[in-house]
Amino acid sequence: MKYLSSNNTKRLDRSLIPVLAVLWALLGLFVLYPLMRLLYIVFIVEGSFTLSNLSEVFTNWYNRKALLDSLILATSVAISGTFLGFIFAFAETRISLPRIVKWFIGAIVVLPFVSPPFTSSIALTLAIGPNGLLLKLLGIPDFNIYGFWGTWLAETLTYFPIAFLTLAAVLNAIDQNLEDAAMSMGSSRWRTFHTITLPLSAPGIANAFLLLFGCSLADFATPLVMAGHTFPVLTTQAYLQITGMYDLQGGATLSFILLIPALLVYLLQHYWIEKRSYVTVTGKSGGRGSARGAGTVLETLILLLISIISLFIIFLYSMIFFGSLVKVWGVDNSFTLENYVYVFTVGKEAIKDTLLIAVTSTFLGSVIGICIGYLVSRPDLPWRKTLEFTSLLNYVLPGTVVGIAYVVAFNSGPLVLTGTMFIIVALCAFRYDAAGIRAIVASMQQIDTSIEEASLSLGASRATTFFRVTLPLIAPAVTTGMRYLFVVSMTAVSAIIFLVSVRWSLLTVRILECITELLFAQAAAFSVVLVLIVFAAMGIIALMFRLIYPNYMRAR
Amino acid sequence: MTTFKFGSKVLFLTLLSSILLGGISFAAQPELNAYTIWSERYANAVFSAFTEETGIKVNWMRFSSGEVQARLEAEKKNPQVDVVFGNMAEAFINGIPKGLFEPYMPEGSNQIPEKFRDKNGYWTGVAIDPICFMFNAKFLKDHGLEAPTSWKDLLNPAYKSQLQMADARTSGTAMYRILSLVEAMGEDEAYSYQRDLNKNVQVYTKSGAGGALPIARGQAAGGIFFLVDALEMQQKGYDIAISYPVDGVVAGIEAMALVSGAKHPDLAKKFLDWASTERMQRIYEESQINLIPSNPNVKISNPGLDMSKVNVLPLDIKWAGENRERLVERWINEVLK
């Protein structure tokens, strides 16, 4: 086992041992234990090991179709999302555009990412579903959006921003002097692109592809609204099995099947891509070349595509906004604020609960994330690969799997947590700290160890060095992690839907409720409020770090 | 910032204390906890009236019928709620052999006819809700159609990919649609009919009411709903047509029950007593909740709730509860395939 071996014999700093012990205890309790209980319910029937649950699930043709559909959907979304993400990233990094336009692209791209998962699907149905607004506007005849196409479109729109962010970072990191050199040596733009830019960004593209594949595989909200009955996928099947058929065991088994491709994707990413170093950050490169275009024709095409997609996203979101301000959608379009009154009266508890849970999770998850990220980056730590893998496990697994595992683990047995706020906080913190951990590990790798050593040899303690030297250097990674934690704690639904209780409800679950209860305008108002809260929180987090570390320089 | 004074112990303590902080739970006061499948507005009207009259606070959550049942089963060893208010009677019957409910005969429940409650007190019916057709009036007019008046009418090719109705795996509405068909034409005939009907279905929605708004907005032509959801759309101002098949429909019984192992059984019984009174069922009309009271003494003035001209078929509720899972399996394997 590669993970278990540690050939490093250096002694570990004693002061780290208590931190390490607490971390392992927590990971054991909130990552490994629920997973064990899940495996137990899938494989153990009446005290003995059996595959009968699995085979039973697969005798059902509908479940076999769900597995196949999940894989087809994930592949298609990964292809289209990566393509779109690349186009957007290329425009952002290689085409000279006014700053305001670039900012605008960035803001639009973030929208689907920060908005609650059901909203884009709902907006999409209203826009291009049967009798949709956009179809009427353009005079296109009806087609049935439910099924593969609708789900694919909604997921592509939701997840391409992830590819965009990944690829923009990669394209930015490619030393543009190489491209300049090629062009000045007489190479055409296209030739430069496909002999230099494309090969250098290939691992980034593969990474984005796998990320999107994983996202789509794990997505629950979009298929729930868009897939209908003709296109069952595993996540919704697992959910329906539990909520509809009263069958926890069947749902657990289905989610176990989902676990296999998810783990495969992670391992592929880990061994194949992360091993290769493609980022050419040396800290020593000369002046950045100005952005190189792709040729007028291609540039126009790219910009046209970007404009269309951006306009489409703006259209979808203005529909949500408009919907939140009218009396009866489609019948009485007079302006009203009563939906917001509803949100702030009936929904007050949910807003309060969600905020409390998100803030607590962000804080807790960040502390855990910083500890793990820092520890994992230390070459002298025993079992550090195992620590990293364990800490990322809940994130690698689809939300439905983790949610079901938590239900199974904490409903009965030694630790009963159902109905408390803590179970939701623990889920968010131990699942969504992953982005922070990854960013911190990546950022730690870029820090020359001599900086820390210098501090230590000047007599500073390890803790002082950590807080005064290391933390300011990894601050951007920490804020990235915090922002992600907050956003996802506010918007996640797949795992949390199993954990909400009479006492603790969440905004996303309320939105789903509103949607199922036909309160479309109220759902829209809830979504608008949620997006605003998320934006405000992102601002506060950024501001906080500027205040605490005024001297840290933005990377770019 | 004086961060340099921090030691690793502080880091450790921060970690620990933040975890404890997250774990602080709310102070336990005797409050009633409930699940319901009723919509927000309906449930709120009932529960707040109870709080107003008794001073007992109610924490409640709304889930679909199947979800309530699944939760009760998952939480059997550690029940999170004391009562279920307003799930379909057949779900309660399904849950009795699983030990999910405890018998309790609420005071005053003898005013409710016997066919609307369990003779052992496992569940007490609080409202009646028949199945109906709901169609977009403009769609009908544009296509020169009358509102359908028989099950066969729904097979009209004019409705191809135009109907929305509930998914049998999650929705009580779908269950009662199937039960209506089984009662009206016999089980095998009902399934072969649904296979034909499938061609006209645009999408099966997760919740029973889920298709109502799309139909009201004209995204779909129509579907099969509980009357309460159809009347709700009409009340909101949408132009829809409500009709019934002459071959008959069944009516769902919305009921309530005491959860077995409830943490606050006294509060739960108090609620069940209160909810069995005429007074509670009068809230329906006061709050514009379009349900038919199960207590015949409660007068209704809404003509939409008058069932005297509708062919309401008798339903063997016990059979329905016992055969629920089999009927759903059959729906997945024969209708969806």
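Refer to the structure above for everything that follows.
These lines cover the structure that appears in this document, whether it is placed above or below. (Residues numbered from 1 in each chain as written. Chains lettered and ligands numbered in written order. Predicted model: local features only at pLDDT ≥ 70, side-chain atom pairs only at ≥ 80, totals over all residues. Heavy atoms only, no water.)

Brief notes about the overall build of chain A
Then comes step 1: For chain A, the helix and strand inventory stands at 23 helices and four strands.
Then comes step 2: Since a compact globule built from 556 residues should have a radius of gyration of about 24 Å, the 24 Å found for chain A is in line with a globular shape.
Then comes step 3: C-alpha extents for chain A along the principal axes are approximately 70 × 65 × 45 Å.
Then comes step 4: Taking the contacts inside chain A whose residues are at least 6 apart along the sequence as the reference set, 79% of them involve residues at least 24 apart. (Helix = DSSP H or I, 4+ residues; strand = E, 2+ residues; numbered from the N terminus. Rg over C-alpha atoms; globule rule 2.2 N^0.38 Å. Contact = heavy atoms within 4.5 Å.)

Considerations on helix α7 (residues 148-173) of chain A
Residue and element names in this part refer to chain A.
Then comes step 1: The end-to-end C-alpha separation of α7 is 36 Å, in line with the 38 Å expected for 26 residues at 1.5 Å each.
Then comes step 2: The sharpest bend along α7 comes to roughly 35 degrees, located at Tyr159, with the proline Pro161 sitting one to four residues further on.
Then comes step 3: Of all the 26 residues making up α7, 19 are buried; the element is thus mostly covered by neighbouring parts of the structure. (Expected span 1.5 Å × (residues − 1). Bend = angle between axes of the 7 residues up to and from the residue. Buried < 20%, exposed > 50% of the residue type's maximum accessible area, 1.4 Å probe, protein only.)

A look at unusual backbone geometry
Then comes step 1: The phi dihedral of A:Glu46 is positive, around 50 degrees, even though this residue is not glycine.
Then comes step 2: As for its placement among the helices and strands, A:Glu46 is situated in the loop between β1 (44-45) and β2 (48-49).
Then comes step 3: Not every positive phi belongs to a glycine, and B:Ser161 is a case in point at roughly 55 degrees.
Then comes step 4: Its place among the elements puts B:Ser161 in the loop between α5 (137-142) and β6 (163-166).
Then comes step 5: B:Ser161 sits in the partly exposed class, given a relative accessible area of 28%.

With respect to the packing of aromatic side chains
Then comes step 1: Applying the stated criterion across every chain, the model contains 40 aromatic pairs over all chains.
Then comes step 2: The interplanar angle of 55 degrees and the centroid separation of 5.0 Å between the aromatic rings of A:Phe88 and A:Phe160 together place this pair among those described as tilted. Of this pair, A:Phe88 sits in helix α3 (residues 61-94) while A:Phe160 sits in helix α7, placing them 72 residues apart in sequence.
Then comes step 3: On the numbers, 4.9 Å between centres and 85 degrees between planes, the contact of B:Phe50 with B:Phe271 is edge-to-face. In this pair, B:Phe50 is assigned in helix α2 (residues 40-54) and B:Phe271 in helix α10 (residues 265-275), connecting sequence segments 221 residues apart.
Then comes step 4: Through pairs of rings, three or more aromatic residues link up here, namely B:Trp38, B:Tyr42, B:Phe47, B:Phe50, B:Trp60, B:Phe85, B:Phe271, B:Trp274 and B:Tyr284. (Phe/Tyr/Trp six-rings, centres within 6.5 Å; stacked < 30°, edge-to-face > 60°.)

Quick word on the nonpolar core
Then comes step 1: In this structure, A:Tyr406, A:Phe430, B:Trp38, B:Phe85 and B:Phe271 are the most contacted members of the largest nonpolar core, which totals 314 residues.
Then comes step 2: At 15 residues, the largest contribution of residues to this core is made by helix α23 (residues 520-548) of chain A.
Then comes step 3: Non-local contacts of B:Phe85, meaning those with residues more than four positions away in its chain, are made with B:Tyr35, B:Thr36, B:Ile37, B:Trp38, B:Val46, B:Phe47, B:Val126, B:Ala255, B:Met256, B:Phe271, B:Ala275 and B:Met280.
Then comes step 4: With five residues, the next largest nonpolar core counts A:Leu73, A:Val77, A:Phe231 and A:Val233 among its residues. (Core = buried A, V, L, I, M, F, W, Y, C linked by side-chain atoms within 4.5 Å.)

Points about the packing of helix α1 (residues 17-43) of chain A against helix α15 (residues 348-376) of chain A
All names here are of chain A.
Then comes step 1: Contact geometry of α1 with α15 gives a least axis separation of 11 Å together with a crossing angle of 115 degrees. For the element pair α1 / α15, the angle class is roughly perpendicular. Where α1 crosses over α15, the two elements pack in a sense that is left-handed. Only Ile368, Cys371, Ile372 and Leu375 of α15 make contact with α1, whose side of the interface consists of Val19, Leu20, Leu23 and Leu27. (Axes fitted to C-alpha atoms, helices over the stretch in contact; angles between N-to-C directions. Parallel < 35°, antiparallel > 145°, perpendicular 65-115°, else oblique. Left-handed = near helix turned anticlockwise from the far one by under 90°.)

Examining the side chain of B:Asp129
Residues and elements named next belong to chain B.
Then comes step 1: The topology assignment puts Asp129 in strand β5 (residues 124-136).
Then comes step 2: No salt bridge is formed by the buried Asp129; its nearest oppositely charged neighbour, Arg62, is found at 11 Å.
Then comes step 3: Among the polar contacts made by the side chain of Asp129, one reaches the main-chain amide nitrogen of Val228 at a distance of 3.2 Å.
Then comes step 4: Every residue in contact with Asp129, bar those within four places of it in the chain, is listed here: Phe226, Leu227, Val228, Ala251, Gly252, Glu254 and Leu291. (Lys, Arg positive; Asp, Glu negative; His and termini not counted. Salt bridge = Lys/Arg side-chain N within 4 Å of Asp/Glu carboxyl O. Polar contact = N/O pair within 3.5 Å; in protein donor to acceptor, adjacent residues only side chain to side chain.)

Concerning the interface of chain A and chain B
Then comes step 1: Between chain A and chain B, the residue contacts involve 66 residues of the former and 70 residues of the latter.
Then comes step 2: We note a salt bridge from A:Arg510 to B:Glu40, for which the minimum N-O separation is 2.5 Å.
Then comes step 3: At the junction of chain A and chain B, the tally comes to seven residue pairs in polar contact (both at pLDDT 80 or more).
Then comes step 4: Taken together, the elements giving at least two residues each to the side of chain A that touches chain B come down to α1, α3, α5 (117-128), α11 (234-243), α15, α21 (462-491), α22 (507-516) and α23 of chain A.
Then comes step 5: Per-element accounting of the side of chain A that touches chain B gives the leading share, six residues, to α15(A).

Regarding the pairing of strand β10 (residues 251-259) of chain B
All names here are of chain B.
Then comes step 1: Most of β10 sits out of view: nine of its nine residues are buried.
Then comes step 2: Examined bridge by bridge, strand β3 (residues 83-88) and β10 share five bridges and lie antiparallel to one another. Looking across to β10, one finds that Val84 is bridged to Ala257.
Then comes step 3: As paired strands, strand β4 (residues 101-102) and β10 are joined by two bridges and run antiparallel to one another. Following the sheet pairing, Phe101 is matched in β10 by Val259. (Pairing = 2+ DSSP bridges.)

Any functional reading would require information beyond the geometric quantities listed.
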